[in-house]
Amino acid sequence: MLITGIKSRPVYDHLKPMQGGLRHLIVGQGSGGSAMLRLIAEMSPAQRQASTLLYSTESFSGHNHLDNLRQAEAGELKVFSSNRELIDALRALLEDAQMGTRLYLSGSESFIGTAMQAANAVDLNRDEVLREHSGTLVRRVWCAHCDTYTENVTQRVFTCPGCQLNLVVRDHYSRRLAAFQGIKADGEVPGELPPAEELDT
């Protein structure tokens, strides 16, 4: 059986101000803006002053908190039209980050996973990062056959846009890949596909 039933979805945090931080990077996407706003409201004036906000208006749920974030009493706000642009900017900021940097992430599962790859690339300690999931649990899937990543997958069986194989989405989440694994759906019996059910999102 290709689907093992082993579920390894990450366990998320509740964003709250981290003590000892000299610089606070508050990073969110779409519906994650609500967690960003709540965090800012709970911060001290000094923490707000030492914060940089990065927000992507790309949303899977249709929620946009840009207007409220523009009015928030916090440090600089950088706005991006896509998650990819935001992640690229985050990578650049983290490469120049000094001791005392605290990272707060909020948004979809795929967004948080990709942002965590950027944090892991600079060896940011796990206790220097908080992650709060917001919105839908659509999946980011990695094809084990052609190395293609597909965003926003909601079906157990789908066609890989890279190699055109029918893939079944396993329940195992890889932190290294920041994705769930997709493997050939009829690998055991050619032509026999599992039920095309909705994923547990």
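Fair warning: this is a prediction, and the values are worked out from it, not measured in the lab.

Draft legend 1. Expanded view of the packing of aromatic side chains. Under the definition given, this model contains one aromatic pair. Sitting over the face of the ring of F180, R139 holds its NZ or CZ atom 4.2 Å from the ring centroid.

Draft legend 2. The arrangement of the sheet that holds strand 7 (residues 149-153) in detail. Ordered in space as 7-6-10-9-8, the five strands form an open sheet in which the pairing is mixed. With partners counted over all chains shown, the strands left at the sheet margins are strand 7 and strand 8 (157-159), one partner each. Direction aside, neighbouring strands of the sheet carry axes that sit 45° apart on average. Relative to strand 7, strand 6 (residues 139-143) is paired through three bridges, and the arrangement is antiparallel. Looking at strand 7, one finds that W142 is bridged to Y149. Seen against the sheet, helix 5 (residues 109-121) touches strand 6, strand 7, strand 9 (166-174) and strand 10 (179-184) and runs at an angle of roughly 60° to strand 6.

Draft legend 3. Layout of the side chain of S56. Among the secondary structure elements, S56 is positioned in strand 2 (residues 51-56). A polar contact of 2.6 Å, which involves the side chain of S56, links it to the side chain of N83. Ignoring anything within four residues of it in the chain, the contact list for S56 reads G28, Q29, G30, F80, S81, S82, N83 and L86.

Draft legend 4. Fine view of helix 4 (residues 83-95). Counted at 1.5 Å a residue, the expected span for helix 4 with its 13 residues is 18 Å, and the 18 Å between its end C-alpha atoms agrees. Residues of helix 4 that are buried: N83, L86, I87, L90, L93 and L94. For helix 4, the angular spread of buried residues about the axis comes to 120°, placing them on one side. The exposed set on the far side of helix 4, more than 90 degrees from its buried face, consists of R84 and E95. Where helix 4 is buried, its residues touch strand 1 (23-29), strand 2, strand 3 (76-80), strand 4 (101-107) and helix 5.

Draft legend 5. Highlighting the state of the cysteines. On inspection of all chains with the given rule, the structure shows zero disulfides. A disulfide-free cysteine, C143 has its sulfur positioned 3.8 Å from the sulfur of C146, the nearest such atom. Here C146 falls in the partly exposed class, since its relative accessible area comes to 29%.

Draft legend 6. Local environment of the packing of helix 4 against helix 5. Relative to each other, helix 4 and helix 5 sit at 25°, their axes nearing to 9 Å. By the angle between their directions, the pair helix 4 and helix 5 is classed as roughly parallel. The element helix 4 and its partner helix 5 pack so that their crossing is right-handed. Across the interface between the two elements, N83, L86, I87, L90, R91 and L94 of helix 4 pack against F111, T114, A115, Q117, A118 and A119 of helix 5. In the contact of helix 4 with helix 5, the residues fall into eight nonpolar, three polar and one charged.

Draft legend 7. The arrangement of the nonpolar core in detail. With 19 residues, the main nonpolar core has V27, L90, L103 and L105 as its most contacted residues. For this core, the secondary-structure elements that each account for two or more residues are strand 1, helix 4, strand 4 and helix 5. Top element by residues in this core is helix 5. It accounts for six residues. Setting aside chain neighbours within four positions, we find V27 in contact with M36, L54, L86, L90, L103, Y104, L105, S106 and F111.

Draft legend 8. Seen up close, the sheet that holds strand 4. One open sheet accounts for five strands, arranged 3-2-1-4-5; its pairing is parallel. On the outer flanks of this sheet lie strand 3 and strand 5 (129-133), each paired with one strand and no other. Adjacent strand axes in the sheet meet at a mean angle of 15°, parallel and antiparallel pairs treated alike. Note that strand 1 and strand 4 share six bridges and pair parallel. The residue of strand 4 that forms the bridge with V27 is L105. Lying over the sheet, helix 4 contacts strand 1, strand 2, strand 3 and strand 4, oriented at roughly 165° with respect to strand 1. The strands touched by helix 5 within the sheet are strand 1, strand 4 and strand 5, with strand 4 carrying the most contacts at an inclination of about 160°.

Reading guide: rules and limits
- Chains are numbered independently. Their residues run from 1 in the order of the written sequence.
- With pLDDT at 70 or above as the cut-off, local features in this predicted model cover only qualifying residues; side-chain atom pairs require 80 or more to be listed or tallied, and sums for whole chains, interfaces and linings still use all residues.
- By convention in this description, side-chain values take in all heavy atoms of the structure and omit both hydrogens and water.
- When the centres of two rings from Phe, Tyr and Trp lie within 6.5 Å, Trp using its six-membered ring, the rings pair. Their planes under 30 degrees apart give stacked, over 60 give edge-to-face, and anything left gives tilted.
- Over a ring means this: the NZ of a Lys or the CZ of an Arg is within 6 Å of the ring centre and within 35 degrees of the ring normal.
- Here a strand pair is declared whenever DSSP counts at least two bridges between the two strands.
- Strands are runs of DSSP state E lasting at least two residues, helices are runs of H or I lasting at least four, and both sets are numbered from the N terminus onward.
- Axes, fitted as lines to C-alpha atoms, cover a helix only where it is in contact. Angles between the N-to-C directions of the axes lie from 0 to 180 degrees.
- By the convention used here, residues are in contact when the closest approach between their heavy atoms is within 4.5 Å.
- For the purposes of these results, a polar contact is taken to be a pair of N or O atoms within 3.5 Å, where, inside protein, one atom must be able to donate a hydrogen and its partner to accept one; residues adjacent in sequence count only when each atom of the pair is a side-chain atom.
- Here the expected span of a helix is defined as 1.5 Å times the quantity of residues minus one.
- Burial status follows relative accessibility: with a 1.4 Å probe on protein chains alone, a residue under 20% of its type maximum counts as buried, one over 50% as exposed, and anything between as partly exposed.
- Note: the arc covers the axis-to-C-beta directions of the helix.
- Disulfides are defined as cysteine sulfur pairs within 2.5 Å.
- For classification purposes, angles smaller than 35 degrees are called roughly parallel, those larger than 145 roughly antiparallel, those between 65 and 115 roughly perpendicular, and all remaining angles oblique.
- Handedness of a helix crossing follows the sense of rotation of the near helix relative to the far helix, less than a right angle counterclockwise being left-handed and clockwise being right-handed.
- Asp, Glu, Lys and Arg are counted as charged, while Ala, Val, Leu, Ile, Met, Phe, Trp, Tyr, Cys and Pro are counted as nonpolar; the rest, among them Gly, fall into the polar class.
- The term nonpolar core refers to a set of buried residues drawn from Ala, Val, Leu, Ile, Met, Phe, Trp, Tyr and Cys, joined through side-chain atoms within 4.5 Å.

Keep in mind these values describe shape, not function.
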